[in-house]
Structures are given as C-alpha cells and as structure tokens.
Amino acid sequence: DNGISPNVVTFVYILKACCSFRAIDKGIEIHAEIGRIGLMAKNVVVGNALIDFYAKFGFVTKAQEVFDDLSNRDIVSWTTLIAGYTNQNSGMKALYSFGQMLNEGIPPNAVTFVCCLNACTHIGSSTEGKRIHAQIAKLEMIRDNIVIGNALVDMYAKCGLLANAQEAFDELCIQDVVSWTSMLSACIEQNEGEKGLHYYMKMLGEGVNPDELTFVATFQACSILVDKQQRYGQSSKEISLEIAKALKIDFDKQGFSFDNIMANTLINVYGKCRAVVEAEELFAGIACPDVVTWSVMF
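Notes on the structure in this doc start here. (Residues numbered from 1 in each chain as written. Predicted model: local features only at pLDDT ≥ 70, side-chain atom pairs only at ≥ 80, totals over all residues. Heavy atoms only, no water.)

A rise of 1.5 Å per residue sets the reference length of helix H8 (residues 126-138), with its 13 residues, at 18 Å; its end C-alpha atoms lie 18 Å apart and thus fit the reference within 8%. If you check which residues of H8 are buried, you get Ser 126, Gly 129, Ile 132, His 133 and Ile 136. For H8, the angular spread of buried residues about the axis comes to 115°, placing them on one side. Looking at H8, the residues exposed on the side facing more than 90 degrees away from the buried face are Arg 131 and Lys 138. Contact partners of the buried residues in H8: helix H6 (91-103), helix H7 (110-123), helix H9 (146-158) and helix H10 (162-171). Just downstream of H8 lies Glu 140, where phi reads positive at about 55°. (Helix = DSSP H or I, 4+ residues; strand = E, 2+ residues; numbered from the N terminus. Expected span 1.5 Å × (residues − 1). Buried < 20%, exposed > 50% of the residue type's maximum accessible area, 1.4 Å probe, protein only. Arc of directions from axis to C-beta. Contact = heavy atoms within 4.5 Å.)

Residues other than glycine seldom take positive phi values, yet Arg 22 does so here, at roughly 55°. Within the fold, Arg 22 resides in the loop between helix H1 (8-20) and helix H2 (24-36). One non-glycine residue, Arg 274, lies in positive phi territory at about 60°. Summarising the element assignment, Arg 274 is placed in the loop between helix H15 (260-272) and helix H16 (276-284).

Under the counting rule described, the total for this entry stands at ten salt bridges. Among the ionic pairs, Asp 154 bridges to Lys 158, the shortest N-O distance being 3.0 Å. With Asp 154 and Lys 158 both in helix H9, this residue pair falls four residues apart, about one helical turn. In this structure, Glu 278 and Lys 245 form a salt bridge, with 3.2 Å as the shortest nitrogen-oxygen distance. Note that Glu 278 is positioned in helix H16 and Lys 245 in helix H14 (residues 238-253), a separation of 33 residues in sequence. A residue is classified by how much of its surface remains accessible, and Glu 278, at 21% relative accessible area, is partly exposed. (Salt bridge = Lys/Arg side-chain N within 4 Å of Asp/Glu carboxyl O.)

Such coordinate-based values are descriptive only and should not be taken to indicate function.
Following this line, the structure appears as structure tokens:
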C-alpha cells in the first residue's frame, strides 16, 4: 500500500478488467469498496460500470439493484440495463425498462434501439418491434445507420414478416453481409427457398462476400427447394443438387471450413437429393460428428 487512493477512472478500468478476465469475486470486492467510500452515489460513470459488470456476468437482478441505487441515471445507465436484460433473454423486462426510460424523458440512442429490437426478436413481438420502428423512423435514424437497419431487418425476419423485412432492407443506404443474410433468413422463415437463393445471387452481384451464416442460410434454402420439388411431384432433383454443389464451391473458395451445423445442413440436402457419394465424402471430413450428423446420414 503506497497510500494512493483509487479514483473514478481506476475503478472503471478495474471493473472492465474483471469482465475481461471473468473475475467475478474481485469485481464484487471492488463494488464493496466503492460502496464503502460512497462513490457510486456521487458518480454515474462508476455506477454504469457496475451495472455493466453485473449484466455481463448474467446477474441482471444485481445490475437492477445498482441501477435503482443511482441518484442520477443517464442514457448509458438505461441502455446498459436494457442490454443486460436482452442478453439474458429477458425481452419483456428489457422493453419495460425502455418504456420507463421514455417516461423519464431520456431520449434513446442507436445502441438503445438496437438492444430493444433484439429484445423484440427474442420474444417474437413484431407489434412492439413496429412501435420501435416508428420511433426510429421519426428520428430518421434508419437510412444512415446500418446497425439499426440490420436489427430491423433481423427482427422482422425472425418474426416471419418478409414484406416488412424487405421494406427495412430497401431503406438501407448500405447493405452489408448482415443485411443480406437477414433477408435470406426471412425467406427461410417463410419457407421461400427459391427467393432465398435469389437474394444470395443478388448479394454476389452487388459484390458482397458471404460469411458462414450466409452459407448456412443458403444451404437451408436449397433444402427447402428440394422439399418443394418433392411436394409438387417434380421428379428431377438434379437442379437442387447442382445448386448445392455450386454453393459448396463458393464456400470452399471463401476459405471457410465446415463446422457441424454447416456440414449437417449440407448433408441433409445431399441426402434429399440421394447424392450418397457427396454426403459420405462430406461426412468423412467431419472431425467430431454429432448426433444430428449421424441422423442425417441415416
């Protein structure tokens, strides 16, 4: 002990370090020290750091207690709490906190809106999502903020509202791989495999490189396409198989490696197309097949 007392910045950085190193016990000790010297009541920055600390460890009830003890709450306080509830799949509590924040006259920022849209996604509430969309539109935050735009597209996609997802997508000034993949997912939610593959081709035409999640979605779209062929009595599976093979070539070109989810999805497509050789080759390259892998192989 050299007699130097920690200040606000010291405590904030120590709490961030506790999050990084998963040092929950040390963080609790720091909280006790902050309480002992009465710093939290005087400084919202320290309070916000504590809310973030508990939220990131999943102790949202404790984060709420810290929040309730703050004499002053700013947009960071509210957003950090809302994010904590959202990340713990407590979407209703996140949206309730959002409503309280608005009642107290605190204007939301981009991060707040994204957290709330994610909360709507988790609970599948397109009604609340549309209300938040209206607030965002009123503030003219959609077109130039791709993160908000992508959250909107994803929310509508996960709620199965393809037309609304398309409208939000079209409003975006820039459409990145997240935007396109969300649209692919929206098509899959509606069992529109052909439309999903159309978005994939259009994305490539726009010069946007797919990521792993894009390929999961495209393989799922291909699987839906096979199912529809079978349903309507179309005898040929060659087209679906050729599409799947072309997708795999694209996947390999990107330098990605197959994880179980990706491999299981493609093996399922091969199985539906009765492409036994291709399925066996892909299966042989999986380091640790899981129960789903074995099931789709059978």
